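# Analysis of the macromolecular model
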Amino acid sequence: MCYGQHQAFSRDSLSSSTRQQPPATENNNNNINAEDVVDNLRDRLADTEARLARARAREAELSQRLEEMKRFVSVMEILETYLKRRFREQQDHVDRLFKSLPA
């Protein structure tokens, strides 16, 4: 269930302590309404907990992927450094070969 689909409850809808004692039939209706409110809140809590569990699982997955990407970047940086050094060495070698040729 998506966030914001439930009606907000007012203090009056959750608490009847500020009102006078209603007649017996109205009291039964209030008990049923209170039970509905409690059931609704329990359902919303269960939905929220399920969303939280999914969010935590997603966070763990993303954290793992981030660590893998960091390792990949480190390896790529090492390779880049190695290849730059080898390229310079090859350039130096070619320069020396051309300089050693008679003009």
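Along each chain, residues carry numbers from 1 onward, in the same order as the chain's sequence is written. Where local features are concerned, this predicted model is filtered to residues with pLDDT of at least 70; where side-chain atom pairs are given and counted, the filter is 80 or more; whole-chain, interface and lining totals use all residues. Each side-chain value is worked out from all heavy atoms of the structure, with water and hydrogens disregarded.

An unreviewed UniProt entry annotates the protein chain as Protein SKIP34 originating from Castanea mollissima.

## A word on the overall build of the protein chain
Secondary structure is summarised from DSSP: a helix means a run of H or I of at least four residues, a strand means a run of E of at least two, and numbering begins at the N terminus for each. A count of helical and extended segments in the protein chain gives 2 helices and 0 strands. For the protein chain, with 103 residues in total, the buried portion stands at 1%. When the accessible surface of the protein chain is totalled, it reaches about 9700 Å², and 55% of it is carbon and sulfur. Type-normalised accessible area, obtained with a 1.4 Å probe on protein chains alone, sets the label of each residue: buried when under 20%, exposed when over 50%, and partly exposed for intermediate values. Method for areas: the Shrake-Rupley scheme with a 1.4 Å probe, in which residue coverage is limited to the protein chains shown.

## Focus on a nonpolar patch on the surface
Patch membership needs two things, relative accessible area over 30% and no salt bridge, and members are linked within 9 Å if like-charged or within 5 Å if nonpolar (Val, Leu, Ile, Met, Phe, Trp, Tyr). Any Lys or Arg side-chain nitrogen found within 4 Å of a carboxyl oxygen on Asp or Glu counts as a salt bridge. There is a patch of nonpolar side chains on the surface, built from Phe72, Val73, Val75, Met76, Leu79, Tyr82 and Leu83 and spanning about 640 Å² of accessible area. Within the element layout of this structure, leucine 83 appears in helix α2 (residues 24-100). The exposed category is assigned to leucine 83, whose relative accessible area is 53%.

## Regarding the pattern of salt bridges
Scanning all chains against the criterion turns up 6 salt bridges. Salt-bridge contacts for arginine 58 lead to glutamate 61; the nearest nitrogen and oxygen are separated by 3.3 Å. Taken together, the residues span about one helical turn, with arginine 58 and glutamate 61 both in helix α2 at a distance of 3 residues. Ionic pairing is found between glutamate 89 and arginine 85, a salt bridge with its closest N-O pair at 3.1 Å. Taken together, the residues glutamate 89 and arginine 85, both in helix α2 and 4 residues apart, mark about one turn of the helix. Three or more residues are tied together by salt bridges with common partners; here these are Arg85, Arg86 and Glu89.

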